[in-house]
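Chain and residue survey
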Amino acid sequence: MTTYLINWEVDDFSSHAKHVTRRSFEYERERQNQLMLDGWHIYRFPLDAIKEKPRRCQQLIQQVLGKLYGGGVTTELKLSLKQREILRFAIQIQRPFMPQEICDLLGIKGQHARKLLHELVQSKLLLPASGSSRIRTYRLDNMAVQRHHITL
């Protein structure tokens, strides 16, 4: 999973308004630009918004985290929601996994999990990692991920 540098800042209008000088104003802008240049995602909240509109602030945080970490699988292929979730899981863990892990992840029975996994193998998105007549573990086909432009 990709790691992001996220900087959440809270600005108090009264302290900023009272103590702002040209130098401090310039320093704050240079500091933010340098952080962004170094790969940081910077989000600023006014203290009043946190006090008066906490739900709106919480929604923004959830949107940011959802966009960065939970965007789901996008692909040109027609996949069900459960199949996309299996691929997202496989991309994140980057190791072979068992059908039981899919049962736990999706809250489904083993037969349904094996059916979904079989469909993804047929679509050449997953590969058997162990087992011949009965597949015990599956792994992501990284070439298929690139070929179909599958991203999180």
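The following paragraphs examine the structure supplied in this document. A quick note: this is a predicted structure, and the numbers were derived from the prediction, not measured. (Residues numbered from 1 in each chain as written. Predicted model: local features only at pLDDT ≥ 70, side-chain atom pairs only at ≥ 80, totals over all residues. Heavy atoms only, no water.)

Regarding its fold elements, the chain presents 8 helices and 4 strands. Secondary structure elements of the chain, listed N to C terminal, follow the sequence β-α-α-β-α-α-α-α-α-β-β-α. Split into buried and exposed, the 152 residues of the chain put 28% on the buried side. Surface accessibility of the chain: about 10,700 Å² in total, with carbon and sulfur atoms responsible for 54%. (Helix = DSSP H or I, 4+ residues; strand = E, 2+ residues; numbered from the N terminus. Buried < 20%, exposed > 50% of the residue type's maximum accessible area, 1.4 Å probe, protein only. Areas by Shrake-Rupley, 256 points an atom, 1.4 Å probe, with all protein chains shown as cover.)

Attention now moves to unusual backbone geometry. Not every positive phi belongs to a glycine, and Gln94 is a case in point at roughly 50°. For Gln94, the location among the structural elements is in the loop between helix H5 (81-93) and helix H6 (99-106). Positive phi, close to 65°, is recorded for Lys124, a residue that is not glycine. Within the element layout of this structure, Lys124 appears in the loop between helix H7 (110-122) and strand S3 (126-130). For Lys124, a relative accessible area of 53% gives the class exposed.

Before going further, it helps to examine the environment of Pro99. Relative to the elements of secondary structure, Pro99 occurs in helix H6. In sequence terms Pro99 and His112 are 13 residues apart; their C-alpha atoms lie 9.5 Å from each other. Each residue touching Pro99, except ones within four places of it in the same chain, is listed here: Ala113, Arg114, Leu117, Arg136 and Tyr138. (Contact = heavy atoms within 4.5 Å.)

Owing to its 3.6 residues per turn, the α-helix aligns residues three or four sequence positions apart on the same side. For H7, built from 13 residues, the straight-helix expectation of 18 Å at 1.5 Å per residue is met to within 8% by its first-to-last C-alpha distance of 18 Å. Taken as a whole, H7 has its buried residues at Ala113, Leu116, Leu117, Leu120 and Val121. An end-on view of H7 places all buried positions within 145° of arc, on one side of the element. Along H7, exposed side chains directed more than 90 degrees from the buried face belong to Gln111 and Gln122. Against the buried residues of H7 lie H5, H6, S3 and strand S4 (137-140). (Expected span 1.5 Å × (residues − 1). Arc of directions from axis to C-beta.)

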